[in-house]
Amino acid sequence: MNLALAGDILAAGQDAHCQLLRFQAHQQQGNKAEKAGSKEQGPRQRKGAAPAEKKCGAETQHEGLELRVENLQAVQTDFSSDPLQKVVCFNHDNTLLATGGTDGYVRVWKVPSLEKVLEFKAHEGEIEDLALGPDGKLVTVGRDLKASVWQKDQLVTQLHWQENGPTFSSTPYRYQACRFGQVPDQPAGLRLFTVQIPHKRLRQPPPCYLTAWDGSNFLPLRTKSCGHEVVSCLDVSESGTFLGLGTVTGSVAIYIAFSLQCLYYVREAHGIVVTDVAFLPEKGRGPELLGSHETALFSVAVDSRCQLHLLPSRRSVPVWLLLLLCVGLIIVTILLLQSAFPGFL
């Protein structure tokens, strides 16, 4: 139902348990025609046609990628009456992972032994999402309409969005998702992004909101509406430049993190609940795979389909060209004034 990736280790939620797996990719090469000929005996061919078909078949190569999966550990992470792990995530150096579920407890485990190192009650009711920051702080959001910041098991502060943002007296909101992200061009900068959705479904649904918070004092920086479709998932690109959103109606969107402006939107790309979105890595082979596109977002949904969304590079005007245009505009203005008012200069 949920997963997190750290290098070649995968942490996956399965009911009340967390499964830790290690996978390795191996390239397969082989002669497809020879294997088929050795195992299968088809109808007898004519003598004249056999040499040509054999030659053609001998040149057909079969290549593929094989994933070998190793089970490392498994542990129960939720202990409610109807137990279910709802979220799992790794810390910044992949030495710890945190889990949350329907019992409202956060549990932190060592990787790969899954030895429990921390356990505390974070919410009254289900935990919807959690995020681990590079400084060790943990943010949790729950069904109790609260979003909390923790240092280990000590409450640091709570987020106060409805007190600082748009308020609707008869419409309570709850936090649906949270993610930390870097500040582009600021190595020490940190932002927290959250999604707020209406707590109850209404006939005329109010808008959902996307909010950026200061990662040091956790005060809201800006908040913007992200439409009336209920948001189901959130992701931040490696550089912190882009935000990806999925909705319960199957739509997918890409926002720019700085201004929270929507750059890309596909209505009902899946037609059913989008369960997760993830950006293509910006390191390694990422730039090679992107080509001329600025970023790429993967989305998966209940329809068992994975889609790739490409954001074309935004065209920008060079600074030197802008300066040249300004100089040209000044010269044209002076010439027009000189022709209209002789002796102006």
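Thresholds applied
- Numbering of residues begins from 1 in every chain and follows the order in which that chain's sequence is written.
- For a predicted model such as this one, the threshold for reporting local features is a pLDDT of at least 70, and the threshold for listing and counting side-chain atom pairs is 80 or more; totals across whole chains, interfaces and linings nevertheless cover every residue.
- As a rule here, side-chain values cover all heavy atoms of the structure and leave hydrogens and water aside.
- Any residue with an atom within 4 Å of a point lines the site, the site being either a cavity, points on a 1 Å grid over the protein atoms alone where a 1.4 Å probe fits but cannot get out, or a pocket, an open set with protein on both sides within 12 Å along at least 5 of 7 lines.
- Grid points are joined across faces, edges and corners, and a volume is the space filled by probe spheres set on the points.
- Counting from the N terminus, the helices are the DSSP runs of H or I reaching at least four residues and the strands are the DSSP runs of E reaching at least two.
- The residue classification treats Ala, Val, Leu, Ile, Met, Phe, Trp, Tyr, Cys and Pro as nonpolar and Asp, Glu, Lys and Arg as charged. All others, Gly included, are polar.
- UniProt positions are given in the numbering used here, feature names are shortened, and annotations may be inferred rather than shown by experiment.
- Being paired, for any two strands, means DSSP has found at least two bridges between them.
- Lines fitted to the C-alpha atoms define the axes, with helices restricted to the stretch that makes contact. Angles between their N-to-C directions range from 0 to 180 degrees.
- Only heavy atoms matter for contacts: two residues are in contact if any of them lie within 4.5 Å across the pair.
- Any pair of N or O atoms that falls within 3.5 Å is considered a polar contact. Within protein, one atom must be able to donate a hydrogen and the other to accept it, and sequence-neighbouring residues count only if both atoms are side-chain atoms.
- Under the scheme applied here, a residue whose accessible area is under 20% of the maximum for its type counts as buried, over 50% as exposed, and between as partly exposed, the area being computed with a 1.4 Å probe on protein chains only.
- By salt bridge we mean one thing: a side-chain nitrogen of Lys or Arg within 4 Å of a carboxyl oxygen of Asp or Glu.

## Points about the layout of surface pockets
Part 1 of the argument: If you add up the space inside the second largest pocket, you get close to 270 Å³.
Part 2 of the argument: If you trace the second largest pocket, you find 14 residues lining it, with L96, V108, L132, G136 and K152 closest to the centre.
Part 3 of the argument: At the level of elements, β8 (116–121) and β11 (147–151) are the ones that each hand at least two residues to the lining of the second largest pocket.
Part 4 of the argument: When its residues are assigned to classes, the lining of the second largest pocket shows 8 nonpolar, 5 polar and 1 charged.

## Brief notes about the UniProt feature "transmembrane region" (unreviewed entry) in the protein
Part 1 of the argument: The UniProt feature table records "transmembrane region" (unreviewed entry) at residues 242–266 and 319–341.
Part 2 of the argument: A helix fraction of 0% and a strand fraction of 68% characterise residues 242–266, whose end C-alpha atoms lie 16 Å from each other.
Part 3 of the argument: Along residues 319–341, the helical share is 96% and the strand share 0%, with 33 Å between the first and last C-alpha atoms.

## What about the sheet that holds strand β20 (residues 261–266)?
Part 1 of the argument: Pairing is antiparallel across the open sheet formed by 4 strands, whose spatial order is β17-β18-β19-β20. In this open sheet, the two edge strands, each paired with only one partner strand, are β17 (231–236) and β20. On average, each strand axis in the sheet is inclined to that of its neighbour by 20°, with strand direction left out of account.
Part 2 of the argument: Pairing of β17 with strand β18 (residues 242–247), which is carried by 5 bridges, proceeds in the antiparallel orientation. The partner of V231 across the bridge, within β18, is T247.

## Some remarks on the environment of R68
Part 1 of the argument: Assignment of secondary structure puts R68 in strand β4 (residues 61–76).
Part 2 of the argument: C-alpha separation for the pair R68 and F23, spaced 45 residues apart in sequence, amounts to 5.4 Å.
Part 3 of the argument: Residues contacting R68, with those up to four places away along its chain left out, are R22, F23, Q24 and H26.
Part 4 of the argument: Side chain to side chain, R68 and E66 meet in a polar contact 3.3 Å long.

## A closer look at the pairing of strand β10 (residues 137–142)
Remark: a regular strand shows side chains that alternate across the two faces of the sheet.
Part 1 of the argument: Most of β10 sits inside the fold, with 6 of its 6 residues counted as buried.
Part 2 of the argument: The alternating pattern of β10 places K137, V139 and V141 on one face and L138, T140 and G142 on the opposite face, and all of these are buried.
Part 3 of the argument: Of the strand pairs in this sheet, strand β9 (residues 127–132) and β10 are connected by 5 bridges, and their pairing is antiparallel. Across the sheet, the residue bridging to A131 is V139, located in β10.
Part 4 of the argument: Hairpin connection of β9 to β10: 4 residues between the antiparallel strands, including G136 at a positive phi of 90°.
Part 5 of the argument: Here 5 bridges tie β10 to β11, and the two strands are oriented antiparallel to one another. Pairing of T140 across the sheet is with S148, part of β11.

## Describing the pattern of salt bridges
Part 1 of the argument: All chains considered together, the criterion is met by 14 salt bridges.
Part 2 of the argument: When the shortest N-O distance is used, the salt bridge between R305 and D303 registers 3.9 Å.
Part 3 of the argument: Look at R305 and you get partly exposed, because its relative accessible area is 44%.
Part 4 of the argument: What emerges from the salt-bridge pattern is a single network uniting K86, E126, E128, R143 and R174.

## Section: unusual backbone geometry
Part 1 of the argument: Here the residue pair V111 and P112 is connected by a cis peptide bond, since its omega of 10° sits within 30 degrees of zero.
Part 2 of the argument: If you trace the backbone, P112 turns up in the loop between β7 (105–110) and β8.
Part 3 of the argument: The phi dihedral of N94 falls on the positive side, at around 60°, and the residue is not glycine.
Part 4 of the argument: You can see N94 is positioned in the loop between β5 (85–90) and β6 (96–101).
Part 5 of the argument: N94 sits in the partly exposed class, given a relative accessible area of 34%.
Part 6 of the argument: Despite not being glycine, E268 shows a phi value in the positive range, around 50°.

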